[in-house]
Amino acid sequence: MHRRAFLAAGLAQSAISALNAASYERAPGASGRIGVGFIGFGLIGKRHVLDFKAQEDVDLVGLAETHRGRLHEGAALMGGSVKQHADFRRLLDDHDVHAVVVSTPDHWHALMTMMACAAGKDVYVEKPLTLFVREGRWMIDVARRTHRVVQVGTQQRSAKHYQRARELIKDGHLGRIVSVRAEAVRNVFPGFGRPPDQGPPAELNWDMWLGPAPKRPYNPNRAIYHFRWFWDYSGGQTTNWGAHSFDIIDWAVGLRKLRTVSSSGGRFDLQDNGETPDLQDALFELDRCNVHWSVRECSHGQTGSFPLVFYGTKGSLAISRRGFVVTPDRDVPPDSLIPNFVGHPTGGPTIVQVRGPQRYRTKPDTDHSGNEATQFLGHVRDFLECVKSRQQPIADLASAHRAATACHLANLSLRLGRKLRWNGARETIIGDTEAAKQLVRPYRSPWDRELKALGLG
Ligand SMILES: NC(=O)c1ccc[n+]([C@@H]2O[C@H](COP(=O)([O-])OP(=O)(O)OC[C@H]3O[C@@H](n4cnc5c(N)ncnc54)[C@H](O)[C@@H]3O)[C@@H](O)[C@H]2O)c1
């Protein structure tokens, strides 16, 4: 069904379900070739154009961009007779487009994905999945109703060493995971300046860039790349880098058992007009497991090169995009670990001396196979195979929704200044009406109507 006709009909959930499911199940491109359209040609959009272009079974069909200069540059890179759109809805109307790659800022991810699904397109959508918690459930519902394949842009999952690390954790190589530490640290003091609000550049359609976000005067820092540091469009490093780390945490350990989140910090040192914290710590309570998340924007410190570490009862596994290291815990009698400077006075514990070769609770392991470029390529390939097979891609919506939820709850806790209790089954905050209200945000007109047309909101 034509997208606009579909939306104009205002089809609610039951009506969409009643659509002939078989028409949705077909793999796009009878020839086996997949027509791909791109929405957003920025830092990551450019990467995706190159990676999809490298695939033999892909036709690059169209590009939608709100920035005219980027639209032309992207189209030139794509080559051929690629169609250029200032309005992404025209790209969704194009029957030659079977799959859409959404590489826009976060505040567009959910709505564009759902509109693309409703238009019969499969979707590769960038992380973080959502801007606010409720969007994740909407996306899952729409993708299911329309029988679409959706890959989330958490490409670390497509790296062999992340897959091996997950197997080690799931197989109990580290024992029971009792704690996870993840961080995003750097020193970008004094920040990115305070340009005044001004008229948007002639080549940028600012209203279309804002889309469902509140109407605001244009500011250079709010737009290209730096949107990440403004609450209207994103959630700072906690959703930017946190989306990757919490994705792996959910995959390897599971966030279904998330019970509470508490977070503190603020934007204390950066001297720019950004809003999200430059210092943030968050503690997540799972089932007998704590996850500790840290953001430091103004102090890199002598941190290790691993942004994510899993601690188990037998040893730990530290991982980055380059590889991982398993460090076994020594297997020694507990009494041998009691301090013993010059002996304890009478009545003190008996110190056990360890003799013989050192024993360990698990085996050491290292993997240095990680390569960022192949992670992106592998993720694109996984998506394309799933477009053909109609199988669930490696980075599925339900897991990305749990990961994004954890990040959003940390930000909510920080902004409200209190600990939040989470009911994962009902996807709501327990005993805090004010906080629960913030699980959803309004879409600005006319984009609220697109949501209603999907039977949501
Ligand atoms: N998977 C990864 O490793 C990775 C890496 C970088 C960025 N990302 C994610 O990708 C997204 C984009 O980040 P970026 O750094 O590329 O940002 P960017 O600002 O460089 O690019 C975003 C582009 O989207 C365009 N855009 C905005 N609204 C649009 C609309 N309505 N229609 C068409 N185009 C529109 C903008 O003009 C801009 O060119 C973010 O959500 C980010 O988190 C993921």
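1. A word on the overall build of the protein
Right, so step 1: From N to C terminus, the protein includes 16 helices and 16 strands.
Right, so step 2: Taking 23 Å as the expected radius of gyration for a compact globule of 457 residues, we find that the protein reaches 24 Å, a close match to that expectation.
Right, so step 3: Considered along the principal axes of its C-alpha atoms, the protein spans approximately 85 × 50 × 45 Å.
Right, so step 4: Looking at the protein as a whole, 44% of its 457 residues qualify as buried.
Right, so step 5: Residue pairs at least 24 apart in sequence account for 71% of intrachain contacts in the protein once pairs closer than 6 positions are excluded.

2. Considering the site of the ligand
Right, so step 1: The environment of the ligand is formed by 28 residues, the closest being Gly40, Gly42, Leu43, Ile44 and Glu126.
Right, so step 2: Those elements that place two or more of their residues in the shell around the ligand are helix H4 (43–53), helix H7 (106–118) and helix H10 (206–210).
Right, so step 3: Looking at the shell around the ligand, its residues break down into twelve nonpolar, eleven polar and five charged.
Right, so step 4: Two domains each put at least three residues into the shell around the ligand: domain 1 (3–155 + 375–396 + 439–453) and domain 2 (160–371 + 404–426).

3. Some words on H4
Right, so step 1: Those residues of H4 that fall on the buried side of the exposure criterion are Gly45, His48, Val49 and Phe52. What you see down the axis of H4 is that its buried residues fit within an arc of 105 degrees, all on one side.

4. Observations concerning unusual backbone geometry
Right, so step 1: That bond from lysine 127 to proline 128 is cis: its omega, -15 degrees, falls within 30 degrees of zero.
Right, so step 2: Here serine 445 and proline 446 are connected by a cis peptide whose omega angle stands at 5 degrees.
Right, so step 3: Its identity as a non-glycine residue notwithstanding, histidine 147 has a phi of 55 degrees, on the positive side.
Right, so step 4: Examined against the element boundaries, histidine 147 turns out to sit in the loop between helix H8 (133–145) and strand S6 (150–152).
Right, so step 5: For glutamate 427, which is not a glycine, the phi torsion comes out positive at approximately 55 degrees.
Right, so step 6: Along the chain, glutamate 427 falls in the loop between strand S15 (420–423) and strand S16 (428–430).

5. Examining the packing of H4 against helix H13 (residues 372–389)
Right, so step 1: Orientation of H4 relative to H13, taken along the N-to-C sense of each, is 65 degrees, at an axis distance of 10 Å. H4 and H13 meet at a crossing whose hand is right-handed. Touching Arg47, Asp51 and Phe52 of H4 are Phe376, Leu377 and Val380, all from H13.
Right, so step 2: Tallied by class, residues from the contact of H4 with H13 come to four nonpolar, no polar and two charged.

6. Overview of the domain arrangement of the protein
Right, so step 1: As assigned here, the protein comprises domain 1 (3–155 + 375–396 + 439–453) and domain 2 (160–371 + 404–426).
Right, so step 2: For domain 1 and domain 2, the distance between their C-alpha centres works out to 29 Å.
Right, so step 3: Of the residues lining the interface, 25 residues belong to domain 1; the matching set on domain 2 comes to 27 residues.
Right, so step 4: Listing elements by their share of the side of domain 1 that touches domain 2, those giving two or more residues are helix H5 (68–78), H7 and H8.
Right, so step 5: Here the side of domain 1 that touches domain 2 gets four residues from one element, more than from any other, and that element is H7.
Right, so step 6: Along the lines of polarity and charge, the residues of the side of domain 1 that touches domain 2 split into eleven nonpolar, nine polar and five charged.

7. Quick look at the sheet that holds strand S8 (residues 260–266)
Right, so step 1: One open sheet holds the ten strands; their spatial order is S14-S13-S12-S11-S7-S10-S9-S8-S15-S16, and the pairing between them is mixed. Whereas interior strands pair on both sides, the edge strands pair on one side only; in this sheet they are strand S14 (365–367) and S16. Each strand of the sheet is rotated relative to its neighbour by a mean of 20 degrees, with strand direction disregarded.
Right, so step 2: With five bridges joining them, strand S12 (residues 315–319) and strand S13 (residues 324–328) adopt antiparallel strand pairing. Paired with isoleucine 319 across the strands is phenylalanine 324, a residue of S13.
Right, so step 3: Sheet strands touched by helix H12 (residues 242–252): strand S7 (177–185), strand S10 (290–296) and strand S11 (308–312). Its angle to S7, the strand with the most contacts, is close to 165 degrees.
Right, so step 4: Helix H14 (residues 397–416) contacts S8, strand S9 (279–285), S10 and S15 of the sheet and is inclined by roughly 55 degrees relative to S8.

8. Examining the environment of phenylalanine 227
Right, so step 1: Along the chain, phenylalanine 227 falls in the loop between H10 and helix H11 (236–240).
Right, so step 2: Sequence-wise, phenylalanine 227 and histidine 107 are 120 residues apart; in three dimensions their C-alpha atoms are separated by 9.7 Å.
Right, so step 3: In this structure phenylalanine 227 touches Pro105, Arg222, Tyr233 and Ser234, once residues within four positions along its chain are discounted.

Thresholds applied
- Residues numbered from 1 in each chain as written.
- Predicted model: local features only at pLDDT ≥ 70, side-chain atom pairs only at ≥ 80, totals over all residues.
- Helix = DSSP H or I, 4+ residues; strand = E, 2+ residues; numbered from the N terminus.
- Rg over C-alpha atoms; globule rule 2.2 N^0.38 Å.
- Buried ≥ 20, exposed ≤ 12 C-beta atoms within 10 Å, placed from the backbone.
- Contact = placed C-beta atoms within 7 Å.
- Near = placed C-beta within 6 Å.
- Nonpolar A, V, L, I, M, F, W, Y, C, P; charged D, E, K, R; others polar.
- Domains from an automatic or database assignment.
- Arc of directions from axis to C-beta.
- Axes fitted to C-alpha atoms, helices over the stretch in contact; angles between N-to-C directions.
- Left-handed = near helix turned anticlockwise from the far one by under 90°.
- Pairing = 2+ DSSP bridges.

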